[in-house]
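# Descriptive analysis of the structure
This is what each chain is made of:
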Amino acid sequence: RLSVVMKRPGLLAIALALVVGVQSVRSEAPPPPCSGHGTLNPDSTCSCENPRPAAGATGWTGGLCQVPVVGLATQTIGTNEAQSDSLESAAWKCYHMATPAATDWNYLSLELKQLDGDPDVYGMLYNASDDGRYPTGNTQGWDFREVSSSARGSVRLTVGKRDWAHPNDAAEGVYLCVTAYGDRVASYELRSVFTRCPGSFALDESGAAVATQCSTPSSSSSSTDVPGACDEASGTCACKTYADHAYVAPEGSDHDDVPPELGFDSCAARIDFVPTASKSESWDDVTLAADAWTFYRFEITDDDYQVQVSMERDEEEGGTARLFLRHETLPDSRWGHHDLPDDFVSGTRPTQEVIVTRGDVAFVAGTWYAGVHAGADASSKFTLTVQRFDCPRDCSGRGECIHEQNGTRTCACDTGPLGPYLGPGCEEEYSGLTPSADGWHVNGTLGASDYDFFALPDIDIRESKRQIELVLSARYDRDETSYYWRPERPVLLLNHGDRSAFPSADNYTFKVTMEERSKEYSIQLCAAQMRGSKWQAALYNPARTVPMEYSMSFRKKGVCPSATDGECSDNGDCVADVTSPDFATCRCKTGWAGADCNFRACPEGSFIAVPGEGHGTCYRECVDGKHRPDGCDRVACDPPARSAADGSGCVIDECSNDLFFVDLGNDVSCVKRCVASSAGSPKKLSEECDPDTVRGAGGSSGPRRRLGFPVVMVLIVVALSVFAGGAGYYAYSSCGGAEAFGALRGALAWGSGRGFRRYDRFEGERFDDFAAADFDTP
């Protein structure tokens, strides 16, 4: 072993670490049994210290005695107090109290307020035979529980003694335990009370929470308006009825299906009566506890034309609440247990209203009940109004009620600052558009299931005859995080007609659904479409619970005609008119023409005449839709002018032939050429001789010698003879003597060869150098 350890020092280090670790574990003290708050039994269970403490004492409970217990005095209608604390995640805390005598209670009521996190409350009753029944510190084995405080903020629970698993055995005590659910600290406030009749908790006039029995605090027993009193013998509430309201459910077979959740068992629900002759009745600033109901009874007669029930929530303390109507019996929120509204209406809407009009299916004479239900998360404050109208909404005070001969009633709406009031009851009006440099704009907030209407500016005749596009654009934003499904999308609507023809989801000329938030959507019209009629726009938010913010604009945009999807047929640029920015025209690229730049500026292969500087006409050919900017492709010259070799124009030559030049003084002769200096220049006689044609002293191969006067005279005579002979030759050659004269001419040429050098460039030819030259003799 020694050799192995020495050869592998790493193993030695590991072994030493294991030994040290084992010694460390052995040196730590084991945790005390039962968390140090109890005794470990031979069967490995714990007997906790004082698990059922008396009032004012403390103890421990739970499977490992890990849960603290606080002893409370029995909580009654006259003496009860709140318990509050904060718990770490998954921690528990219990409260223990003895129950009253069996004849002194029938109900145990609880209220748990969530101050932070997610507290849940669990309850356990026990009697003498349950000597070993204690909370275990988990969620198993309880008699009742309430675990929805995180969603509601405050929860209430009433437990009937008869609902206990041992109703025939007298309970001796109860545990109320609170735990922090989830991974957060939970803070709470817990209240409890034992009562003979159904109990609960309410706020008194000072805002303090008080225990109630039959919805009546003990301090208000002498009040002239109490909801009810407890019949201690039966353990039920005797709810009260007054002249203008009642806390009693309506009687009769139609009201047999009144669920206990409405609150009539504890006199918590109230019914207010609307006087039959009253045209309008309101209840202002009604405060309704969370998850509670209140009702209003009214009559509809055959003489009524329209009845409206509206609820307006308080802006700051409105909470959430919903309005329901039902004929002859109490409504509730269950499907089929209310007649109106016939669709879901969010409890967050600032104003809810239900209208019943003569001729509607729902218009049935008789007794009706309106019910308001506060949301479970908080109380609600609102104003409820019941009104009877002789015309739709009594024209909202903005028009005249017209009684038609067929019995219908309509409103002739007045005109407001932005146009006529809208709707059957003149209840709507146009919103304003703010002028700006590039059109008209508006920003606003639109409530759930609501409209905003806009009267668009008129288009004058001048604009309607121009290429002007009218663009109605809008974008929106709203919080959609609360939706578990894709909510209905807002729509941009446009309708034409007179100003009373306002658009709606069922009545429009054009409609665009705005599928995405923060994206602009548009409806485009040409100006001619808007001429001669009015156009109205609207934004509609169909979401039932969430308002939206929006921006909308209406602008005139000058557009150019085009034969393609691009501007100016993709052959030009659309340019706004400087004097009238709403109007635009095409600025065509070179080679294109027409209002839409869709036509070639000239036919392919055609020519145009361009007046030249003189002597003729220049023609330029059309190639790729355009003519060349300079030069000529063809020319037509006026005689004696001719076309330049490069086709650039017409020129007049100064000469037509080369010139044979004789310098008698220097005994030299040569040819001066008639040539053009360039392809576009006229021909001119060159100043210098063609060096290849020079003859004489300077041009011969022998020594030069000067000719005397006699010789010159002889040459002149010879020249004259030649000239005369040429004339005779012409006459003679026409008579067939050309041959003989040709021989004479050859002899003369041979005889004069002494003074002229033969033109070597034509050597070997049958002609001499001068015969090849075209020249004039001076």
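About the thresholds
- Residues numbered from 1 in each chain as written.
- Predicted model: local features only at pLDDT ≥ 70, side-chain atom pairs only at ≥ 80, totals over all residues.
- Heavy atoms only, no water.
- Helix = DSSP H or I, 4+ residues; strand = E, 2+ residues; numbered from the N terminus.
- Contact = heavy atoms within 4.5 Å.
- Areas by Shrake-Rupley, 256 points an atom, 1.4 Å probe, with all protein chains shown as cover.
- Buried < 20%, exposed > 50% of the residue type's maximum accessible area, 1.4 Å probe, protein only.
- Pairing = 2+ DSSP bridges.
- Axes fitted to C-alpha atoms, helices over the stretch in contact; angles between N-to-C directions.
- Disulfide = S-S within 2.5 Å.
- Core = buried A, V, L, I, M, F, W, Y, C linked by side-chain atoms within 4.5 Å.
- pLDDT = per-residue confidence, 0-100.
- Phe/Tyr/Trp six-rings, centres within 6.5 Å; stacked < 30°, edge-to-face > 60°.
- Salt bridge = Lys/Arg side-chain N within 4 Å of Asp/Glu carboxyl O.

## Some details on the overall build of the protein chain
Secondary structure assignment for the protein chain yields seven helices and 56 strands. A sequence separation of at least 24 residues applies to 64% of the contacts in the protein chain between residues at least 6 apart. A total accessible area of about 43100 Å² is found for the protein chain, and carbon and sulfur atoms account for 51% of it.

## Concerning unusual backbone geometry
For the peptide bond that leads from Leu-340 to Pro-341, omega is -5°, which places it in the cis range. By the element assignment, Pro-341 lies in the loop between β23 (321–327) and β24 (351–357). Between Pro-639 and Pro-640 the backbone carries a cis peptide bond, its omega angle lying at 5°. Tracing the backbone shows Pro-640 in the loop between β48 (634–637) and β49 (642–643). With a phi close to 70°, Ser-44 is a non-glycine residue in the positive phi region. Among the secondary structure elements, Ser-44 is positioned in the loop between β1 (38–40) and β2 (46–48). With a phi angle near 55°, Ser-449 is a residue other than glycine that sits in the positive phi range. Turning to its location among the elements, Ser-449 is positioned in the loop between β33 (439–446) and β34 (450–455). Of the residues examined, Ser-449 reaches a relative accessible area of 25% and is grouped as partly exposed.

## Some remarks on the sheet that holds strand β26 (residues 380–389)
The strand order β20-β26-β22-β24 describes an open sheet built from four strands, whose pairing is antiparallel. Lying at the two open borders of the sheet, with one neighbouring strand each, are β20 (280–288) and β24. Averaged over all neighbouring strand pairs, the angle between strand axes comes to 10°, with direction disregarded. Bridge analysis of β20 against β26 gives seven bridges, and the strand direction is antiparallel. Residue pairing for β26: Trp-283 is matched across the bridge by Leu-384.

## Side note on the sheet that holds strand β36 (residues 491–497)
Read from one edge to the other, the open sheet built from five strands follows the order β31-β34-β39-β36-β37, with strand pairing classed as mixed. Here the strands that pair on one side only, and so sit at the sheet edges, are β31 (430–431) and β37 (510–513).

## Looking at the state of the cysteines
Counting across every chain of the model gives 16 disulfides. Note that Cys-670 is cross-linked by a disulfide to Cys-689, the S-S spacing being 1.9 Å. Of this pair, Cys-670 sits in strand β52 (residues 668–672) while Cys-689 is found in the loop between β54 (683–685) and β55 (695–696), placing the two residues 19 residues apart along the sequence. A residue is classified by how much of its surface remains accessible, and Cys-670, at 1% relative accessible area, is buried.

## A look at the nonpolar core
Among the nonpolar cores identified, the biggest contains 26 residues, and Leu-456, Leu-472, Leu-494, Leu-539, Tyr-550 and Met-552 are the most heavily contacted of them. Mapped onto this core, the elements with two or more residues apiece are β33, β35 (468–477), β36, β38 (521–526), β39 (534–541) and β40 (548–558). Looking at this core element by element, the count peaks at five residues for β35. Setting aside residues no more than four positions away along its own chain, Met-552 makes contact with Leu-433, Trp-440, His-441, Val-442, Phe-454, Leu-472, Ser-473, Ala-474, Leu-492 and Leu-539. One finds Val-286, Val-309, Trp-368 and Ala-370 within the second-largest nonpolar core, a separate group that totals 25 residues.

## A closer look at the environment of Asp-479
Within the secondary structure, Asp-479 is located in the loop between β35 and β36. Judged by its relative accessible area of 46%, Asp-479 is partly exposed. Here the alpha-carbon distance between Asp-479 and Met-548, two residues 69 residues apart in the chain, equals 7.6 Å.

## A few points about the pairing of strand β25 (residues 366–374)
With respect to burial, β25 is a largely interior element, nine of its nine residues being buried. Examined bridge by bridge, β23 and β25 share seven bridges and lie antiparallel to one another. Bridge pairing links Arg-326 to Tyr-369 in β25.

## So, the environment of Asp-692
Counting through the fold element by element, Asp-692 comes out in the loop between β54 and β55. Asp-692 gets classed as partly exposed once you look at its relative accessible area, which sits at 41%. In the structure, Asp-692 is positioned 21 residues away from Val-671 in sequence and 8.6 Å away in space, judged by C-alpha atoms.

## Quick notes on the environment of Ala-171
Of note, Ala-171 is situated in the loop between β10 (154–160) and β11 (173–180). The sequence separation of Ala-171 and Thr-99 amounts to 72 residues, and the corresponding C-alpha distance is 6.6 Å. Those residues in contact with Ala-171 that lie beyond four places of it in its chain are Thr-99, Trp-105, Leu-125, Tyr-126, Asn-127 and Trp-164.

## Description of the confidence of the model for the protein chain
In this model, the protein chain carries an average pLDDT of 83, and 81% of its residues clear a pLDDT of 70 or more. This stretch, residues 700–708, has a pLDDT under 50; its non-local contacts, to residues over four places away or in other chains, come to 13 contacts. Within the model, the stretch residues 732–778 combines pLDDT values under 50 with 52 contacts to residues more than four positions away or in other chains.

## Details of the packing of aromatic side chains
Tallied over the full model, the rule gives 16 aromatic pairs. Relative to Phe-194, the ring of Trp-105 lies with its centre 5.2 Å away and its plane at 75°, an arrangement referred to as edge-to-face. Here Phe-194 lies in strand β12 (residues 186–195) and Trp-105 lies in the loop between β6 (92–98) and β7 (107–116), a separation of 89 residues in the sequence. For the pair Trp-105 and Phe-194, a shared accessibility class is recorded, and that class is buried. Their ring planes at 5° and their centres at 5.5 Å tell us that Trp-293 and Phe-295 sit as a pair that is stacked. For Trp-293, a relative accessible area of 4% translates into the label buried. Among the aromatic side chains, those forming a connected cluster through ring pairs are Phe-264, Trp-293, Phe-295 and Phe-324.

## What to know about the pairing of strand β46 (residues 616–623)
The two faces of the sheet receive side chains in turn, since in a regular strand these alternate between them. Bridging between strand β45 (residues 607–611) and β46 involves five bridges; their strand directions are antiparallel. Looking across to β46, one finds that Ala-609 is bridged to Tyr-619. By the bridge criterion, four bridges tie β46 to β48 in an arrangement that is antiparallel. Counted as the bridge partner of Cys-618 is Val-635 from β48. As paired elements, β46 and strand β47 (residues 626–627) share two bridges and run antiparallel to each other. When the sheet's bridge partners are listed, Cys-622 is paired in β47 with His-627. Connecting the antiparallel pair β46 and β47 is a turn made up of two residues, with Asp-624 showing a positive phi of about 55°.

## Some points on the pattern of salt bridges
What the rule picks out here adds up to 22 salt bridges. With its nearest N and O atoms 3.7 Å apart, the salt bridge here joins Arg-475 to Glu-520. Residue Arg-475 is found in strand β35, and its partner Glu-520 is found in the loop between β37 and β38; the two are separated by 45 residues along the sequence. A salt bridge links Arg-642 to Asp-653; the nearest nitrogen and oxygen atoms lie 2.7 Å apart. Of this pair, Arg-642 sits in strand β49 while Asp-653 is found in the loop between β50 (650–651) and β51 (658–663), placing the two residues 11 residues apart along the sequence. Asp-653 sits in the partly exposed class, given a relative accessible area of 25%. Sharing partners across several salt bridges, the network here consists of Asp-104, Arg-196 and Glu-232.

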